[in-house]
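Spelled out from the first residue to the last, the chains are:
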Amino acid sequence: MQIEDKRVVTLAYTLKDNDDNVIDQSDDGSFCYLHGASNIIPGLENALTGKASGDELSVSIQPEDAYGTRDEEKIQAVPREMFPPEQDIEPGMQFHAQGPDGQAIVVTIAKVEENNIVVDGNHPLAGVQLNFDVRIMD
């Protein structure tokens, strides 16, 4: 049976960046998703369409078909008092915030300055080419 919309797909995968660093993996075949429901990045979903159980593939996904390109406008300095005073703030920490349209977003602390905290609203993998090795389990 081929992968198509409205089918549940089970995968084993390894995800690496261009420097061959492992970003994520599910070697045991425990990753399941509903194909065609935008539950995985578009580039990978497109690459899997028409494949079948037992197929293996390696695919590189450009940022535009993954988490998008980096947007420098999503990086901004906010006053330190916007964060809980008792909280130690360190680069790499993530917080939930409200975007300009009222939607919930996750921001990553990019830099801690004396009076400001620089936050980055880009997805951590924005601008990164993603390289998948995939085995279709079911």
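Just so we're clear, the structure is a prediction, and the values are computed from it rather than from any experiment. (Residues numbered from 1 in each chain as written. Predicted model: local features only at pLDDT ≥ 70, side-chain atom pairs only at ≥ 80, totals over all residues. Heavy atoms only, no water.)

Considering the sheet that holds strand β5 (residues 94-98)
Consideration 1: One open sheet holds the four strands; their spatial order is β4-β7-β6-β5, and the pairing between them is antiparallel. Both outer strands of the open sheet, β4 (75-79) and β5, are each paired with one neighbouring strand and no more. In this sheet, neighbouring strand axes are inclined to one another by 45 degrees on average, regardless of whether the strands run parallel or antiparallel.
Consideration 2: Relative to strand β7 (residues 116-120), β4 runs antiparallel, the two sharing five bridges. Its bridge partner lying in β7, Gln76 is registered against Val119. (Pairing = 2+ DSSP bridges. Helix = DSSP H or I, 4+ residues; strand = E, 2+ residues; numbered from the N terminus. Axes fitted to C-alpha atoms, helices over the stretch in contact; angles between N-to-C directions.)

Details of the packing of aromatic side chains
Consideration 1: Overall, the coordinates contain four aromatic pairs when judged by the stated rule.
Consideration 2: Ring centres of Tyr13 and Phe132 lie 6.2 Å apart, and the angle between their planes is 55 degrees; this geometry places the pair in the tilted category. Of the two residues, Tyr13 is situated in strand β1 (residues 8-16) and Phe132 in strand β8 (residues 130-136); the sequence distance between them amounts to 119 residues.
Consideration 3: For Tyr13, a relative accessible area of 11% corresponds to the buried category.
Consideration 4: Linked through ring pairs, Tyr13, Phe31, Tyr33 and Phe132 together constitute an aromatic cluster. (Phe/Tyr/Trp six-rings, centres within 6.5 Å; stacked < 30°, edge-to-face > 60°. Buried < 20%, exposed > 50% of the residue type's maximum accessible area, 1.4 Å probe, protein only.)

Let's talk about the sheet that holds strand β2 (residues 22-34)
Consideration 1: The antiparallel open sheet is built from four strands, whose spatial order is β2-β1-β8-β3. Each edge of the open sheet is held by one strand with a lone partner, namely β2 and β3 (56-61). On average, each strand axis in the sheet is tilted by 20 degrees relative to the strand beside it, whichever way the strands run.
Consideration 2: As paired elements, β3 and β8 share six bridges and run antiparallel to each other. When the sheet's bridge partners are listed, Ser60 is paired in β8 with Asn131.

A closer look at the pairing of β1
Consideration 1: With seven of its nine residues buried, β1 lies for the most part within the structure.
Consideration 2: Where β1 and β2 come together, eight bridges link them in antiparallel fashion. Across the sheet, residue Val8 finds its bridge partner in β2, namely Leu34.
Consideration 3: Taking the residues between adjacent antiparallel strands as the criterion, β1 and β2 are bridged by five residues, where Asp20 takes a positive phi near 70 degrees.

What about the confidence of the model for the protein?
Low pLDDT marks stretches whose predicted atomic positions should not be read closely.
Consideration 1: Summing up the model confidence of the protein, the mean pLDDT is 94 and the portion of residues at 70 or higher is 100%.
Consideration 2: β3 holds the highest mean pLDDT among the elements of the protein, 98, whereas β5 holds the lowest, 89. (pLDDT = per-residue confidence, 0-100.)

Things to note about the side chain of His35
Consideration 1: In this structure, His35 sits in the loop between β2 and α1 (42-48).
Consideration 2: Not counting residues up to four positions away in its chain, the partners in contact with His35 are Ile3, Glu4, Asp5, Lys6, Arg7, Val9, Glu45, Leu48 and Thr49. (Contact = heavy atoms within 4.5 Å.)

A few points about unusual backbone geometry
Consideration 1: Its identity as a non-glycine residue notwithstanding, Lys6 has a phi of 70 degrees, on the positive side.
Consideration 2: On the secondary structure map, Lys6 appears in the segment before β1.
Consideration 3: Judged by relative accessible area, which is 75%, Lys6 ranks as exposed.
Consideration 4: Even without a glycine there, the phi angle at Asp20 is positive, about 70 degrees.
Consideration 5: Its relative accessible area of 52% is what places Asp20 among the exposed residues.

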